[in-house]
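# Understanding the architecture of this molecule
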Amino acid sequence: MTKEIAPVRSLVDKLGQGQMQKAIASSLPAHIPAEKFIRAASSLIQNSDAAVWLNTNKVTQKSVLQACTKAAQDGLLLDGKESALVKFGSEATYMPMVQGILKKARNSGKISKIDAVIVHQNDPFKYNPAEDDVPNHNPDWFSDRGQMIGAYAVAKLNDGTTVVEVMSKAQIMVIAADSRNTAQYNGKHAGEWWRKTVLRRICKYLPSSTDLD
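Residues numbered from 1 in each chain as written. Predicted model: local features only at pLDDT ≥ 70, side-chain atom pairs only at ≥ 80, totals over all residues. Heavy atoms only, no water.

Moving on: the packing of helix α1 (residues 7-15) against helix α5 (residues 61-73). In contact at an axis separation of 11 Å, α1 and α5 are set at 40° when each is read in the N-to-C sense. Crossing of α1 against α5: the hand is right-handed. When α1 is examined against α5, the residues Pro7, Ser10, Leu11, Lys14 and Leu15 are found in contact with a partner set consisting of Gln61, Val64, Leu65 and Cys68. Looking at side-chain class alone, the contact of α1 with α5 contains six nonpolar, two polar and one charged residues. (Axes fitted to C-alpha atoms, helices over the stretch in contact; angles between N-to-C directions. Helix = DSSP H or I, 4+ residues; strand = E, 2+ residues; numbered from the N terminus. Left-handed = near helix turned anticlockwise from the far one by under 90°. Contact = heavy atoms within 4.5 Å. Nonpolar A, V, L, I, M, F, W, Y, C, P; charged D, E, K, R; others polar.)

Have a look at this one:
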């Protein structure tokens, strides 16, 4: 009698061999070794909610493998830092994290610096697009900064150009209302989602690449 292989073990085996391994290797940009990507993805799958989803048939193996391929195409490691697995219905999908979005932007080779920052109610903040190159934001990091009221992102290109995007809480919540992760925008890690939102907005105006120059 053949012993049944646990869904997680079966998927990890598929990920590291045969056609799936070749598909991931061909999808990745040249600077990321397939072994490194597969090792990170396998660890994430085995040590996250994805293991529970798979072992209880709450997501399909096919959707997890497709998520791995998509992350590889975008040049982001599935390690919980650059990108992660999330569940929608019975399907798993990959989602870039702040670190991953920043990495994609920097990988264009045309951006010298990019970051996104949360603005709190008690923070001194001033920005006049007609006069200021960047927002004047000087929070007291050790005081009660109050509730989050917005976020901004600043990118500096190699040619000296500065790109700024500022979003209020109301603007961010409009995006949240259309998201499949609406609750996350007010949850424990809300700041991460606010930063991701303003980064996605500014990246529309920036060069982006999955590969390095």
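One pass over the structure, following the stated rule, counts eight salt bridges. With a shortest N-O distance of 3.5 Å, Lys126 and Asp132 are connected by a salt bridge. Taking relative accessible area as the criterion, Lys126 reaches 46% and is therefore assigned partly exposed. One network of salt bridges, with partners in common, ties together Lys70, Asp74 and Lys104. (Salt bridge = Lys/Arg side-chain N within 4 Å of Asp/Glu carboxyl O. Buried < 20%, exposed > 50% of the residue type's maximum accessible area, 1.4 Å probe, protein only.)

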